[in-house]
Each structure stands twice: as structure tokens, then as C-alpha cells.
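# Descriptive analysis of the structure
For reference, the chains in residue letters:
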Amino acid sequence: MPGFEFFGNEERKEVNDVLETGILMRYGFDGPRKGIWKAKELEEAITRVFGAKYAQLTSSGTTALTTALTVLNIGAGDEVIMPTFTFVASFEAVLGVGAIPVLVDVDETLTLNPDAVRAAITPRTKCIMPVHMCGSMADIDALQQICKKHQLVFLEDACQSIGATYKGKAVGTIGDAGAFSFDFVKTITCGEGGVILTNNEEVYLKCDGYTDHGHDHKGIDRGADLHPFIGQNFRISELHAAVGLAQIRKLDQFLAVQRKNQRLLRSYLEQVPELSFRVIPDAEGDSCTFLSWFLPTEAIAKAVVAEMKVQGILPGNFYWYANNWHYIKQWDHLKDIATLNNLNAEQKSALQKLRSTNFPASDAIMSRCISTAISLMWTEEQVREKGAKMAAIIKKVLSEATVHA
Ligand SMILES: *Cc1c(COP(=O)(O)O)cnc(C)c1O
């Protein structure tokens, strides 16, 4: 799954190029940097590999989302529809720009249910932000149609799905903007980093300025740049970009290994008729960082998790329903409005309501779901062993459940 598993001399060489010049910053110092522009080079590679017109690197996936929301003019009083299942960074970004996260049920795609999205639209809705979780994608056509009909911004949180495609297009490049994360556990890593993808020049130019204190990057040197608007420092460093440059060249290899390992593992789980798999709107486009599957009931899922723990194969199998970071059930800090600064009144009242809101449709899906992370390091023998062991555990739990029923 993560690029750090394939870390080697290629990354070292790219980082060394930067260390040789000592210019760790991505802008300026034109003379001493001796033609080394790793961040620029990585942005060009990203536009080529993913087919987006523009790419703006950032310091993280979270700052990429924050930047995208900001430049798409989403702020105080605006509602952003997002799923109940995602990493906490998605709502951190929404709250950070002053907007209101409106949490909406997921379906078996493990992200936004289009019907639930339609039901959540109000006059304040400004943006729909699906999260392409665990390597695969949302029902993009359905969500895009809703955006068109209601004139909403479509922002893709594609942080977890680098390399996934939908009908031939890279996820993250389809909406008004999209974000990838290059943190340490993502498909491509920079150590820390992120990128905003867009096909809209105006959006891109604003990202370029916003992530660098509002610099217009038009002066003869940095000191001569003007500041048409107020920005932030969300810059990536040359050292981080250098790592990403070596990693992006390996992406095809990562994806090929993931696909091979995921398919083989799946063939073992397919032998259990009671088990079903995540719905993938374009199966060809799955990046295969995970294999996500459903058991018939919550009780059976919990028993399978417990048995995997006993047999020592739980690591790498994620039961998101009970996990502290990815599902609304455990987001007490959000429901308790445990912020260090003051939110605006509209944000507060929305979060207060969240405390008494239930999501039975999401619960019914997430309580039965397990995602197996696909490692790049597995040998074929290891995948076969793992698959056989998992299938045996599931069959055992299912047969015991029948006996007890
Ligand atoms: C990792 C992740 C992010 C944030 O990325 P960072 O680079 O860690 O800030 C945002 N959304 C999702 C779904 C993620 O998995």
C-alpha cells in the first residue's frame, strides 16, 4: 500500500541533488540552486502522470484541501457535504476555512450516498466533497450531476486514492479541484506533502499564491513580488519534493503489485459466499491499496476481528467502525466541539446538532466492513497463506454463528 515500502537509492539520489546545492526552498535563489527545481519538476510530473492541467504542491493533504476550499471561495456560513467515513483531516479543512461540515451517509462505495447527498442540500450548500476512501472511488457521475443541477463546487478528497481512475480519468482531476496527500503512509510519499489538482487556470493561480503568503510570483525576485491577496505558508520543501519525484516514477510499479496482490487475496475471500465486496463504480480503476469487504452482520464482523487478533493476522486489517480516526462514531472531539480557538456561531450550532444525530444507514455498512491493506512487500506465497487463513477464520466464525442461532 504505502510507497515507503519501496524506498531506496532512487529517493536518496534525488534528495542528494538538493543537499549538494543546499537550497532547500522551492522558490528563489536562482543562481545557487544550479538548475535544481525539485518541486517544479514534481508538479510537472504530476500533471503528466494524472492528466490534470495544473498541480500545486503543498505541505500536506490537509493544507491542499484547505487551499482548495479557500480558492474555491468556500468560507463562513457555507455548508460542505462530506461523508461520515473519512480521515479527520477532511473536516479539519472544512472547519479551518470557517465553513460547516455537513456529514452525510455512506453507501457500499464507502463514500457519499448520492440520495443522502440530495436530501442534505439546503440553500447554504456550496460544495460536495466525496472522499475516495481506501484506494477506490465515489459514484462520481451521480455526484457531479447533483453539483451541476444545484451549481455546487465539486471537490475530490482523493488523498487515499492516488492512481485510481474513473472512466479513464484519474480521480482527483475530475472535479473543480482535487487533493492528494503524500504523507508517510500514502501510495506515494514525500515524508509530508500534498497537491491540489485542477484544470482551471484561475483556481491554479490562486493556489500558487495562497500557499506562499499570497506572492504573485511575478517579481524579478521574491522581494519584488506583490501580494494581491492574503495567503498562508503551505509550501512544500525541496527535500520533500525530491522524495516524491523518485516515488512518482515508481507509481506504475506500485499499482501493478497492488493489483496483483489484491486480486489473488480476493480469490480466497470469494470462496466464502456469505461475504460481499465493496461496490466500486469503475472496477478497472481501483488502485487496489485495500481490499474492502462486508460480513453479514455486525456481530459476525466483530467475531472475525477478534479471531484475527487471536491468530495474529489483525495488523493490516482495519475495522473502521471501532477506529478512532476514520468514522463519525468515534469523533467525540468533533461532537464536543473540542477546538482550541473559537468557531463561528453557525459552525457551533451545526456541531451541536451532530451530537444528537444518528447515522443508522452508515452504521449498517461500516459495522460490517473490514478493509485489508495490500502490501507491496508480500510474496505470492504470503498472499496465498494470508488468504487461506482469512477465509478459514471467516468460515469458522460463520459456522459458529449458525450453531448459536
Ligand atoms: C491522509 C488524508 C488526508 C490528509 O493528508 P495529510 O497529508 O496527512 O495532511 C486527508 N484526507 C484523507 C481521506 C486522508 O486519508
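Everything below is about the structure shown above.
Definitions and cut-offs
- Residues numbered from 1 in each chain as written.
- Predicted model: local features only at pLDDT ≥ 70, side-chain atom pairs only at ≥ 80, totals over all residues.
- Heavy atoms only, no water.
- Pairing = 2+ DSSP bridges.
- Helix = DSSP H or I, 4+ residues; strand = E, 2+ residues; numbered from the N terminus.
- Contact = heavy atoms within 4.5 Å.
- Axes fitted to C-alpha atoms, helices over the stretch in contact; angles between N-to-C directions.
- Expected span 1.5 Å × (residues − 1).
- Buried < 20%, exposed > 50% of the residue type's maximum accessible area, 1.4 Å probe, protein only.
- Arc of directions from axis to C-beta.
- Near = heavy atom within 4 Å.
- Polar contact = N/O pair within 3.5 Å; in protein donor to acceptor, adjacent residues only side chain to side chain.
- Areas by Shrake-Rupley, 256 points an atom, 1.4 Å probe, with all protein chains shown as cover.
- Nonpolar A, V, L, I, M, F, W, Y, C, P; charged D, E, K, R; others polar.
- Patch = residues over 30% accessible without salt bridge, like charges linked within 9 Å, V, L, I, M, F, W, Y side chains within 5 Å.
- Salt bridge = Lys/Arg side-chain N within 4 Å of Asp/Glu carboxyl O.
- Phe/Tyr/Trp six-rings, centres within 6.5 Å; stacked < 30°, edge-to-face > 60°.
- Lys NZ or Arg CZ within 6 Å of the ring centre and 35° of its normal.

## Quick notes on the sheet that holds strand E11 (residues 290-294)
- Spatially, the four strands line up as an open sheet ordered E10-E11-E13-E12, and their pairing is antiparallel. Single-partner strands in this sheet number two, and they are strand E10 (276-277) and strand E12 (317-318).
- Note: E11 against strand E13 (residues 369-373), five bridges, orientation antiparallel. The residue bridging Ser292 from the neighbouring strand is Ser371, located in E13.
- Contacts from helix H9 (residues 251-269) reach E10, E11 and E13 within the one sheet, and its direction differs from that of E11 by about 20°.
- Sheet contacts for helix H10 (residues 298-310): E11, E12 and E13; angle to E13, the most-contacted strand, approximately 35°.

## With respect to helix H2 (residues 38-50)
- With 13 residues, H2 extends 18 Å between its outermost C-alpha atoms, agreeing within 8% with the 18 Å of an ideal straight helix rising 1.5 Å per residue.
- Taken residue by residue, H2 has Lys38, Ala39, Leu42, Glu43, Ala45, Ile46 and Phe50 as its buried positions. With its buried residues spanning 165° around the axis, H2 presents them on a single face.

## So, the site of the ligand
- Around the ligand, the structure places 15 residues, and the nearest of them are Gly61, Thr62, Ser181, Asp183 and Lys186.
- At 2.5 Å from an oxygen atom of the ligand is found a side-chain nitrogen or oxygen belonging to Thr62.
- Residue Lys186 places a side-chain N or O atom 3.1 Å away from an oxygen atom belonging to the ligand.
- Within the complex, 94% of the 380 Å² of free accessible area of the ligand lies under protein.
- Partitioned by chemical class, the residues of the shell around the ligand number four nonpolar, eight polar and three charged.

## Details of a nonpolar patch on the surface
- Among the surface-exposed residues, Phe4, Phe184 and Val185 lie close enough to one another that they form a single nonpolar patch of about 260 Å² accessible area.
- By the secondary structure assignment, Val185 is in the loop between strand E8 (177-181) and strand E9 (194-198).
- Overall, the relative accessible area of 43% leaves Val185 in the partly exposed class.

## Examining the pairing of strand E4 (residues 125-128)
- As judged from the three bridges shared by strand E2 (residues 79-83) and E4, these two strands associate in the parallel manner. Along E4, the bridge assignment pairs Glu79 with Thr125.
- With two bridges joining them, E4 and strand E5 (residues 153-157) adopt parallel strand pairing. Paired with Cys127 across the strands is Val153, a residue of E5.

## Some details on the packing of aromatic side chains
- In total, this model carries 14 aromatic pairs according to the counting rule given.
- On the basis of an interplanar angle of 65° and a centroid distance of 6.1 Å, the ring pair of Tyr319 and Tyr321 is categorised as edge-to-face. Both residues of the pair, Tyr319 and Tyr321, count as buried.
- Of the aromatic side chains, those joined through ring pairs into one cluster are Phe85, Phe290, Phe318 and Trp320.
- One Lys or Arg, Arg266, reaches over the ring of Phe277 and ends 3.9 Å from the middle of that ring.
- When the ring centre of Tyr321 is taken as reference, the NZ or CZ atom of Lys329 above it lies at 4.4 Å.

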